Amino acid sequence: MRLRNVSPDDVDAYVRMRCDPVMMADLGGPQSREEMAAKVRRDAEQAAADLAWLKMIVPDPATPEVVAGTVTLWSHNTDNGPISEIGWMVLPQFQGQGLGKRAVRALLELAREENRWGVVHAFPATGNAASNGICRSVGFRFVSVTDMPFAGQIFKTNHWSMDPRIDLT
């Protein structure tokens, strides 16, 4: 597995993830296909400028055109001030193979190596057993159940946090 920056050519992968009702079930439902090209372009620009780490998960470097999902680390403001947040999505045909866990761990290891992002937070849906399992297995600490906004809606999530410089297991 390897991670690479999102590029403007990744529209199809974004559509398969973000426009799929099953993939987006915990995030308010599918997003509009018409908005994906602009979303990918904005994400690629942010990645190229190193403002956020927006990575595509490539399961086999021998076939770089095959993408299994995304893992992202970015900073944003909350009511309690700025935080760094990590999130990931793995396409159904690649789930259960450990790719999500490996991608999350790889990005957190990079954060530790670069001494960047500080404490990292994750907010998987309370019912998303796989994502909560990834948090637990890579060393996140459970903080609380909390409501988090996404795409104009509020969702019940588990709040996890870790400092990759200290907590990465």
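Scoring rules and cut-offs
Residues numbered from 1 in each chain as written. Predicted model: local features only at pLDDT ≥ 70, side-chain atom pairs only at ≥ 80, totals over all residues. Heavy atoms only, no water. Pairing = 2+ DSSP bridges. Helix = DSSP H or I, 4+ residues; strand = E, 2+ residues; numbered from the N terminus. Axes fitted to C-alpha atoms, helices over the stretch in contact; angles between N-to-C directions. Contact = heavy atoms within 4.5 Å. Parallel < 35°, antiparallel > 145°, perpendicular 65-115°, else oblique. Left-handed = near helix turned anticlockwise from the far one by under 90°. Nonpolar A, V, L, I, M, F, W, Y, C, P; charged D, E, K, R; others polar. Buried < 20%, exposed > 50% of the residue type's maximum accessible area, 1.4 Å probe, protein only. Salt bridge = Lys/Arg side-chain N within 4 Å of Asp/Glu carboxyl O.

**Student:** Could you clarify how one ought to interpret the sheet that holds strand β7 (residues 153–162) in this entry?
**Tutor:** Two pairing modes exist for strands in a sheet, parallel and antiparallel, and in both the strands are linked by backbone hydrogen bonds. One open sheet holds the 7 strands; their spatial order is β1-β2-β3-β4-β5-β7-β6, and the pairing between them is mixed. Strands with a single pairing partner mark the edges of an open sheet, and in this sheet they are β1 (2–5) and β6 (141–150). Along the sheet, successive strands turn relative to each other by an average axial angle of 35°, direction set aside. As defined by bridge partners, strand β4 (residues 81–90) adjoins strand β5 (residues 120–122) across 2 bridges and the pair is classed as parallel. Its bridge partner lying in β5, S84 is registered against V120. Across the sheet, helix α3 (residues 99–114) lies against β1, β2 (53–58), β3 (69–78), β4, β5 and β7, angled at about 140° from β2, the strand it touches most.

**Student:** How should the packing of α3 against helix α4 (residues 129–138) be read in this particular structure?
**Tutor:** For any two helices packed against each other, the geometry is given by the interaxial angle and the distance between the axes. Following both chains from N to C, one finds α3 and α4 inclined at 45°, their axes separated by 10 Å at the closest point. The angle between α3 and α4 places the two elements in the oblique class. Crossing of α3 over α4 shows right-handed handedness. Along the contact surface, α3 presents G100, K101, V104, R105 and L108, while α4 presents I134, S137 and V138. Across the contact of α3 with α4, the residue classes tally to 4 nonpolar, 2 polar and 2 charged.

**Student:** When you look at the environment of L99 in this model, what are you seeing that I'm missing?
**Tutor:** With respect to the helices and strands, the residue L99 is situated in helix α3. Here L99 falls in the buried class, since its relative accessible area comes to 4%. Setting aside chain neighbours within four positions, we find L99 in contact with M1, I57, P59, A68 and F94.

**Student:** I tried to follow the packing of helix α1 (residues 11–18) against helix α2 (residues 36–48) on my own but got confused; where do I start?
**Tutor:** One way to put it is that α1 packs onto α2 with a least axis distance of 9 Å and a crossing angle of 115°. The orientation of α1 relative to α2 falls into the category roughly perpendicular. Here α1 runs over α2; the crossing is right-handed. Along the contact surface, α1 presents V11, Y14, V15 and R18, while α2 presents M36, A37, K39, V40 and D43. Taken together, the residues of the contact of α1 with α2 break down into 6 nonpolar, no polar and 3 charged.

**Student:** Would you explain the pattern of salt bridges in this entry?
**Tutor:** What the rule picks out here adds up to 7 salt bridges. A salt bridge links D147 to K156; its shortest N-O distance comes to 3.0 Å.

**Student:** Explain unusual backbone geometry to me, please; I cannot follow it from the model alone.
**Tutor:** Most peptide bonds take the trans form, and the phi angle of most residues other than glycine is negative. Phi at D50 takes a positive value of approximately 60°, unusual for a residue other than glycine. The topology assignment puts D50 in the loop between α2 and β2. Here N115, not a glycine, exhibits a phi torsion of approximately 50°, which is positive. When you line up the elements, N115 lands in the loop between α3 and β5.

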